[in-house]
Amino acid sequence: MSRIILGLVAILANAACVLAQSPPAWKATGEGFVLDSTHPVRPGDTRSFDVRIRLTLDETTGEGQIALADKDDAKSPPDLWYWRRGRLFQSNDAEQDLPPKGCVDLSPAAIAVLHPGLLAAYLRERPENTDAPTGPAGDNTPRFVAVGDVLWRVEPGPQAGSASSGIGSLSRTVHDDVQGTLLERIRYEGRTVTVTRATPLDPGPARVIAKFEFDEPRPEAKYRTPKGDPDRDAAMVVPPEEFTFRDLGGGLFACELARANARVFVVEFDDGLLVFEGVFSSRNAETLAAAVRERFRKPATHFAFSHIHPQYLAGVRAWASEGVTILAPPTSAKAVADTLAASFNLRPDAWSRKPGEPRIETVAERWTREDASASVVVINNPKSDHTDEFFIVYMPRTKTLLTGDLLFYRPGQPLRSRSLTLARYVKEIGLEIDRCVTTWPLQWVGKNELSGEELRAAAQAGEEAEAAAPPKP
Ligand SMILES: [Zn+2]
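Residues numbered from 1 in each chain as written. Predicted model: local features only at pLDDT ≥ 70, side-chain atom pairs only at ≥ 80, totals over all residues. Heavy atoms only, no water.

Protein-derived ligands of the zinc ion are His307 (NE2), His309 (ND1), His386 (NE2) and Asp405 (OD), with the metal-ligand distances lying across 2.1 to 2.4 Å. Relative to the metal, the 4 donor atoms surrounding the zinc ion lie at angles of 91 to 164 degrees, and the coordination shape comes out irregular. Coordination of the zinc ion draws on donor residues from a single chain, spaced H-x1-H-x76-H-x18-D in sequence. Residue His386 is located in the loop between strand E21 (375–380) and strand E22 (391–395), and its partner Asp405 is located in the loop between strand E23 (400–402) and helix H9 (417–428); the two are separated by 19 residues in the primary sequence. The exposure class assigned to Asp405 is buried, which follows from its relative accessible area of 5%. (Donors = N, O, S within 2.8 Å, 3.2 Å for Na, K, Ca; no water. Tetrahedral: all angles 85-135°; square planar, octahedral: opposite > 155°, others 65-115°. Helix = DSSP H or I, 4+ residues; strand = E, 2+ residues; numbered from the N terminus. Buried < 20%, exposed > 50% of the residue type's maximum accessible area, 1.4 Å probe, protein only.)

The next point concerns the pattern of salt bridges. One pass over the full model with this rule turns up 39 salt bridges. Two residues, Arg297 and Glu294, come together in a salt bridge whose shortest N-O distance is 3.4 Å. With a shortest N-O distance of 2.6 Å, Asp338 and Lys334 are connected by a salt bridge. On the criterion of helical spacing, the pair formed by Asp338 and Lys334 is a turn pair, its members being 4 residues apart in helix H7 (residues 332–341). When its relative accessible area of 41% is taken as the criterion, Asp338 is described as partly exposed. Through salt bridges with shared partners, a single ionic network connects Arg84, Arg85, Arg87, Asp97, Asp229, Arg232 and Asp233. (Salt bridge = Lys/Arg side-chain N within 4 Å of Asp/Glu carboxyl O.)

Attention now moves to the sheet that holds strand E24 (residues 435–437). With mixed pairing, 6 strands are arranged side by side in an open sheet as E20-E21-E22-E23-E24-E25. The sheet is open, and its two edges are formed by strand E20 (366–370) and strand E25 (449–451), each paired on a single side. Strand after strand, the sheet turns through a mean of 15 degrees between neighbouring axes, direction not considered. Bridge count between E20 and E21: 5 bridges; the pairing is antiparallel. What sits directly across from Thr368, in E21, is Val377. (Pairing = 2+ DSSP bridges. Axes fitted to C-alpha atoms, helices over the stretch in contact; angles between N-to-C directions.)

Further remarks concern the confidence of the model for the chain. Across the chain, pLDDT averages 91, with 91% of residues at or above 70. A low-confidence stretch, residues 1–21 (pLDDT under 50), is modelled with 38 contacts involving residues beyond four sequence positions or located in other chains. Predicted confidence for residues 134–142 stays below pLDDT 50, and this span has 13 contacts to residues more than four positions away or in other chains. (pLDDT = per-residue confidence, 0-100. Contact = heavy atoms within 4.5 Å.)

Further remarks concern H9. When the terminal C-alpha atoms of H9 are compared, their 16 Å separation across 12 residues agrees well with the 16 Å that a helix rising 1.5 Å per residue should span. Residues of H9 that are buried: Ser419, Leu420, Thr421, Leu422, Ala423, Tyr425 and Val426. Buried-residue contacts for H9 involve E21, E22, E23 and helix H10 (452–468). (Expected span 1.5 Å × (residues − 1).)

In terms of nonpolar packing, the biggest core is built from 42 residues, with Leu106, Trp152, Leu170 and Phe212 touching the most fellow members. Setting aside its immediate chain neighbours within four residues, Phe212 contacts Glu31, Gly32, Phe33, Val34, Val51, Ile53, Leu68, Leu106, Leu114, Arg191, Thr192 and Val193. Ala300, Leu313, Ala335 and Leu340 belong to the second-largest nonpolar core, a separate cluster that totals 37 residues. (Core = buried A, V, L, I, M, F, W, Y, C linked by side-chain atoms within 4.5 Å.)

The next thing to look at is the packing of aromatic side chains. The tally for this structure, following the rule as stated, stands at 9 aromatic pairs. With centroids separated by 5.3 Å and ring planes inclined at 70 degrees, the aromatic side chains of Phe245 and Phe296 adopt a geometry described as edge-to-face. Here Phe296 lies in helix H4 (residues 282–296) and Phe245 lies in the loop between strand E12 (218–219) and strand E13 (246–249), a separation of 51 residues in the sequence. Residue Phe245 shares its accessibility class with Phe296, and that shared class is buried. Three or more aromatic residues link up through ring pairs in this structure, and these residues are Phe245, Phe253 and Phe296. Against the face of Phe344 rests Arg317, its NZ or CZ located 3.5 Å from the ring centre. Taking NZ or CZ as reference, Arg369 lies 4.4 Å from the ring centre of Phe269, over its face. (Phe/Tyr/Trp six-rings, centres within 6.5 Å; stacked < 30°, edge-to-face > 60°. Lys NZ or Arg CZ within 6 Å of the ring centre and 35° of its normal.)

By volume, the second largest pocket amounts to about 340 Å³. Looking at side-chain class alone, the lining of the second largest pocket contains 5 nonpolar, 2 polar and 9 charged residues. (1 Å grid on protein atoms, 1.4 Å probe; cavity = no way out; pocket = protein on both sides within 12 Å on 5 of 7 lines; lining within 4 Å. Points joined across faces, edges and corners; volume = space filled by probe spheres on them. Nonpolar A, V, L, I, M, F, W, Y, C, P; charged D, E, K, R; others polar.)

Further remarks concern the domain arrangement of the chain. You can read the domains of the chain as domain 1 (3–219) and domain 2 (236–468). One C-alpha centre belongs to domain 1, the other to domain 2; they are set 42 Å apart. Where domain 1 abuts domain 2, roughly 770 Å² becomes buried across the two surfaces, and 53% of that area is made up of carbon and sulfur atoms. Where domain 1 meets domain 2, there are 2 salt bridges. Measuring nitrogen to oxygen at the nearest pair gives 2.9 Å for the salt bridge that ties Glu125 to Arg283. If you look at where domain 1 meets domain 2, you find 4 residue pairs in polar contact (both at pLDDT 80 or more). (Domains from an automatic or database assignment. Buried area = accessible area lost by both parts, 1.4 Å probe. Polar contact = N/O pair within 3.5 Å; in protein donor to acceptor, adjacent residues only side chain to side chain.)

As a further point, take the packing of H9 against H10. Angle between the axes and distance between the axes: these two values describe a pair of packed helices. Packing of H9 against H10 leaves a shortest axis separation of 10 Å and a crossing angle of 115 degrees. The angle between the axes of H9 and H10 places the two elements in the roughly perpendicular class. Classified by chirality, the crossing of H10 by H9 is left-handed. Only Leu455, Ala459, Gly462, Glu463 and Glu466 of H10 make contact with H9, whose side of the interface consists of Leu420, Ala423, Arg424 and Val426. A per-class count over the contact of H9 with H10 returns 5 nonpolar, 1 polar and 3 charged. (Parallel < 35°, antiparallel > 145°, perpendicular 65-115°, else oblique. Left-handed = near helix turned anticlockwise from the far one by under 90°.)

Take the sheet that holds E13 next. As summarised here, the arrangement of the 7 strands in space is E13-E14-E15-E16-E17-E18-E19, forming an open sheet in which the pairing is mixed. Two strands in the sheet have a free side with no partner beyond their single neighbour: E13 and strand E19 (359–362). Going across the sheet, the axis of each strand differs from the next one's by a mean of 25 degrees, ignoring polarity. Of the strand pairs in this sheet, strand E14 (residues 252–257) and strand E15 (residues 262–268) are connected by 6 bridges, and their pairing is antiparallel. Within E15, the position partnered with Phe253 by the bridge is Val266. Of the strands in this sheet, E14, E15 and strand E16 (273–276) touch H4, which is tilted by about 40 degrees from E15.

Spelled out as structure tokens, the structure:
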């Protein structure tokens with residue numbers, strides 16, 4: 001492996017190490033200036049603004065804010081930028097997602113990485129945007145990091161301060177319509193961050209665009225950005241405060257996650273828990289596992305998920321790392337084993353940091369467990385019209401059925417397609433049903449929780465509609 005690659009691996013390892021020591025959320029304030037050369041009175045004329053800067057970053061969810069206030073204009077509110085898992089945006093009173101503007105000569109590209117701690121968080125949130133550590137051995141590719149639509153060249157530097165990324169500076173060439181090609185550089189020296197622009201042919205000193213002296217980062221309460229457009233984010237991260245548990249009776253608890261538009265379920269036995277459904281990623285499932293520990297104070301012993309679509313399957317690594325037995329139908333068990341064996345070196349999770357011997361229990365037909373607290377039957381449904389195998393979960397004491405994403409019920413409308421197929425299946429196997437609770441979608445025009453009567457009436461209407469107009473083969 002080349003020295004260059006080794007160097008960047010060291011930088012990334014250093015960034016990860018620094019982040020491991022960082023508080024979940026922190027704040028750094030500072031003072032400095034920003035240059036304005038946009039409206040010269042005569043050639044070479046500039047003015048500069050003395051500014052206060054405040055940076056807030058919540059490492060738990062990867063959400064941050066950068067505030068710049070004019071020191072000579074105490075009346076005006078600061079200019080605000082938001083940072084979500086590496087993406088910079090601005091917003092308004094309606095919490096819309098607006099493209100980030102610069103601040104006079106300071107570019108939005110520079111604002112996105114305006115503090116070494118922000119850059120370190122970027123490397124963790126968007127590791128795929130660097131040319132390491134996955135480059136082939138012996139690869140001499142220069143070291144780059146792409147941020148937004150900008151490509152920065154990375155120059156290693158001494159470790160500087162507790163929030164350091166180990167990167168000394170970032171540089172890029174930019175085109176200016178008046179000055180032509182310029183070299184922009186952000187230099188991180190201790191708690192000082194300097195942004196310069198130079199013309200490559202000019203031997204004189206680079207022009208300082210902005211310079212900030214930050215104080216030491218201090219712990220901060222959690223921070224959340226305005227809503228913006230979450231679909232533009234690199235990853236969907238459910239904040240820890242969303243994981244609350246609603247008691248549905250009979251030992252069953254539902255956790256409704258607005259950000260994921262989905263539910264997960266916990267069945268509480270005397271001495272352990274069954275968790276049902278994944279939540280899109282290891283990161284979310286690990287947050288869920290922590291919330292489950294905190295709320296129930298009992299070990300999760302079993303994890304099951306309705307079917308192998310990524311939203312659900314992506315929970316297995318978090319639960320495997322908790323030492324939980326994973327229940328899966330026969331061919332779905334292969335998908336579980338493959339996901340547990342997959343390389344997660346770009347976004348390490350608890351399982352990749354400490355892999356163990358996975359416990360996978362194959363359930364061909366039914367898995368039952370019963371004690372004084374709860375009674376549950378996990379049923380492998382081979383007729384879902386959705387995937388070859390599909391777990392539905394039945395709670396006999398409350399006659400409650402957890403339907404995964406098989407049931408789309410709209411009041412007054414007949415069931416169709418996979419919803420009607422589910423109604424037929426539960427009738428065929430003789431389940432008495434008083435209540436159905438879906439996993440997904442949580443918010444839509446129909447209902448996500450319905451009575452047995454509603455299910456049966458809509459199924460009857462569905463049968464009549466199909467008899468009148470049979471579906472095309
Ligand atoms: Zn599905």
